[in-house]
Amino acid sequence: MPVSSSGDGVLKMVFENKTSGTNVSLCAGTLDEFAQGKCPMRLSSSGGPSFQFLTIIDAKELSGKSLYAIRGVGTAPSQFVLTIE
């Protein structure tokens, strides 16, 4: 479901990849862009396991977009944690 925000405010997102040997990007875009493997708005890119990456963004910038993760490196199924405040 796309993000819906019209008010003023920021989102704090912490993104962490939990899988060794992979690199995962947190993206915002349409479901069609996800299906095509595109990342039009890269919110974060992971390093190895246990590294956490902080993104602070105006919530209005995400309005109408879906959040999704795309694996950039590796072939193993990737596990990640996304915390949004």
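The structure this text deals with has already been given above.
These numbers were taken from a predicted model, which means no experiment stands behind them.

Novice: Explain the overall build of the chain to me, please; I cannot follow it from the model alone.
Specialist: Assigned secondary structure in the chain consists of 1 helix and 6 strands. Start at the N end of the chain and walk to the C end: the helices and strands fall as β-β-α-β-β-β-β. Taking 12 Å as the expected radius of gyration for a compact globule of 85 residues, we find that the chain reaches 13 Å, a close match to that expectation. Along the longest, intermediate and shortest principal axes, the C-alpha atoms of the chain span 40 × 25 × 15 Å. Residue burial in the chain is summarised as follows: out of 85 residues, 28% are buried. Here the chain has roughly 5,100 Å² of accessible surface; of this, 54% comes from carbon and sulfur atoms. One way to put it: in the chain the 7 positive side-chain charges average out to a point 7 Å from where the 7 negative ones average out.

Novice: Whenever I open this one, the pattern of salt bridges confuses me. Can you help?
Specialist: Opposite charge on two side chains makes pairing possible when the charged atoms of those side chains draw close. Tallied over the entire structure, the rule returns 3 salt bridges. Here E85 makes a salt bridge to K12, at a shortest N to O gap of 3.6 Å. Taken together, the residues span a long stretch of sequence, with E85 in the segment after β6 (80–84) and K12 in strand β1 (residues 10–17) at a distance of 73 residues. Put simply, E16 and K18 hold a salt bridge, and the shortest N to O gap is 3.4 Å. The exposure class assigned to K18 is partly exposed, which follows from its relative accessible area of 43%.

Novice: How do you make sense of the sheet that holds strand β2 (residues 23–29) when you look at a structure like this?
Specialist: For sheets, the rule is that strands pair by backbone hydrogen bonds, running either parallel or antiparallel. With respect to topology, 3 strands assemble into an open sheet ordered β3-β2-β5, the strand pairing being antiparallel. Two strands bound the open sheet, and with one partner strand each, they are β3 (41–45) and β5 (66–73). When strand polarity is set aside, the average angle formed by the axes of neighbouring strands in this sheet is 30 degrees. Two strands pair when backbone bridges link them, and β2 and β3 are joined in this way by 4 bridges, in the antiparallel orientation. Bridging from a neighbouring strand, A28 pairs with M41 of β3.

Criteria and cut-off values
Residues numbered from 1 in each chain as written. Predicted model: local features only at pLDDT ≥ 70, side-chain atom pairs only at ≥ 80, totals over all residues. Heavy atoms only, no water. Helix = DSSP H or I, 4+ residues; strand = E, 2+ residues; numbered from the N terminus. Rg over C-alpha atoms; globule rule 2.2 N^0.38 Å. Buried < 20%, exposed > 50% of the residue type's maximum accessible area, 1.4 Å probe, protein only. Areas by Shrake-Rupley, 256 points an atom, 1.4 Å probe, with all protein chains shown as cover. Lys, Arg positive; Asp, Glu negative; His and termini not counted. Charge placed at Lys NZ, Arg CZ, Asp CG, Glu CD. Salt bridge = Lys/Arg side-chain N within 4 Å of Asp/Glu carboxyl O. Pairing = 2+ DSSP bridges. Axes fitted to C-alpha atoms, helices over the stretch in contact; angles between N-to-C directions.

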